[in-house]
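# Results of the structural survey
Below, each chain spelled out in residue letters.
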Amino acid sequence: MCGIAALQLRNPRLHPQMGSLLSSMMCQIVDRGPDSAGLAVYDTPGLVSKGTATLSLLGKDQGMPVGDIIAALETLLPLSAATAVRVVGDTTLVSAAVDTGLLVKAVSETLPGSTIIGRGEHVAVMKSVGHPMDIAAEHGLEAMAGSQGLSHTRMATESAVTAGGSHPFSVADDLCLVHNGSFSNHATIRRGLLRDGVVFDSDNDTEVGARYIASRLQQGDDLETALTNLGKVFDGFYTLVVTTADSMAVVRDPIACKPAIIAETADYVAMASEYRALASLPGIESARIFEPEPGKVYTWSL
């Protein structure tokens, strides 16, 4: 079943309200996915900063005290990196003024058992098992500012109820994917990606979609083309929302089996699994409200 709520704020004056707006949207889709939940927030002060790579690590306990993690990373990174580690709810954020790839390498050496669930200069990813609104509160979503937000409430069907299996999946810089539905041929596509050297962190079918999109973007596709190609390769019933540092995209399968509703104004674009999640947004009474057409890719940019 699963629930999706996504928000892109075109008007910078709304950025301080991003967390409170997304939290109110998320509250209305809890019954679609009570198992676990995840969040991705973009350009949120205190979590990420321009010119600094940030990794989101699954879990608040990484097996080492925060001070020891910083000290170990400082031996692997330049003195100018200004390494920082912060625990937010059930997520550990590691930041440094270095290339993302270098930070990934340093964290992997320092914390070999860690799972990276988000990466980039703009995005922080947080996810956990439990009631979605408890997870949102634990991470302080309501008080967060930002340019975009993406949330998912999960009812597991294709894999176990674990924090690692929760959405969003973020497998490339500032790229996130959430998914309502299931891919019926994900195992076949996974084998092909494995042959190409792609490494997976979970057995979740959604991660296969995220890895496929990241692969297509690396090969030169833009986001719309990558999602168009996904529609040619993946079978199943799905609604997908994909975000990057400055864009958001929505696509449904060719039968449009899974629900989706979009509200668009000059100030924002919002998408949710049900209209009630949009009903309290500012200016909703004059928004353009529509259901995305089957198989059509919709994209918006900041």
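Described below are features of the structure shown in this document.

## Notes on the pairing of strand β5 (residues 91-96)
Counting buried residues in β5 gives 6 out of 6 residues, a clear majority hidden from the surface. Burial along β5 is two-sided: T91, L93 and S95 and T92, V94 and A96, pointing in opposite directions, are all buried. Alignment of strand β3 (residues 53-58) against β5, held across 6 bridges, turns out to be antiparallel. Looking at β5, one finds that L57 is bridged to T92. Relative to β5, strand β4 (residues 84-88) is paired through 5 bridges, and the arrangement is antiparallel.

## Things to note about the side chain of R32
Among the structural elements, R32 can be located in the loop between α1 (18-27) and β2 (36-42). By relative accessible area, which is 7% here, R32 ends up buried. A polar contact is formed between the side chain of R32 and the backbone oxygen of C2, at a distance of 2.8 Å.

## Description of the sheet that holds β4
If you walk across this open sheet you meet the 4 strands as β4-β5-β3-β6, and the pairing is antiparallel. In this open sheet, the two edge strands, each paired with only one partner strand, are β4 and β6 (116-120). The sheet shows a mean angle of 20° between the axes of neighbouring strands, taken without regard to direction. Packed onto the sheet, helix α3 (residues 100-110) meets β3, β5 and β6 and runs at close to 35° relative to β3.

## Quick word on the nonpolar core
Core analysis: the largest hydrophobic core is formed by 35 residues, its most contacted members being M25, V41, L47, L141, Y268 and L278. Those elements that place two or more of their residues in this core are β1 (3-9), α1, β2, β7 (123-129), α4 (132-138), β13 (261-264) and β14 (268-272). When residues in this core are grouped by element, the largest group, 5 residues, is from α1. In this view, L278 contacts M25, I261, I262, A263, A270, M271, A272 and I284; residues no more than four positions away in its chain are not counted. Counting 24 residues, the second largest nonpolar core, distinct from the first, contains L177, V208, A249 and V251.

## Describing α3
In an α-helix, one turn spans 3.6 residues, which is why side chains three or four residues apart end up on the same side. Looking only at α3, the buried set comprises T100, L103, V104, A106, V107 and T110. The buried residues of α3 occupy an angular sector of 165° when projected down its axis, which confines them to one face. Those residues of α3 hidden inside the fold are in contact with β3, α2 (66-74), β5 and β6. Looking at where α3 begins, the residue whose side-chain oxygen comes 2.8 Å from the main-chain nitrogen of G101 is D99.

Rules used throughout
- Residues numbered from 1 in each chain as written.
- Predicted model: local features only at pLDDT ≥ 70, side-chain atom pairs only at ≥ 80, totals over all residues.
- Heavy atoms only, no water.
- Buried < 20%, exposed > 50% of the residue type's maximum accessible area, 1.4 Å probe, protein only.
- Helix = DSSP H or I, 4+ residues; strand = E, 2+ residues; numbered from the N terminus.
- Pairing = 2+ DSSP bridges.
- Polar contact = N/O pair within 3.5 Å; in protein donor to acceptor, adjacent residues only side chain to side chain.
- Axes fitted to C-alpha atoms, helices over the stretch in contact; angles between N-to-C directions.
- Contact = heavy atoms within 4.5 Å.
- Core = buried A, V, L, I, M, F, W, Y, C linked by side-chain atoms within 4.5 Å.
- Arc of directions from axis to C-beta.

From the geometry alone we can't say anything about function, so treat these as descriptive.
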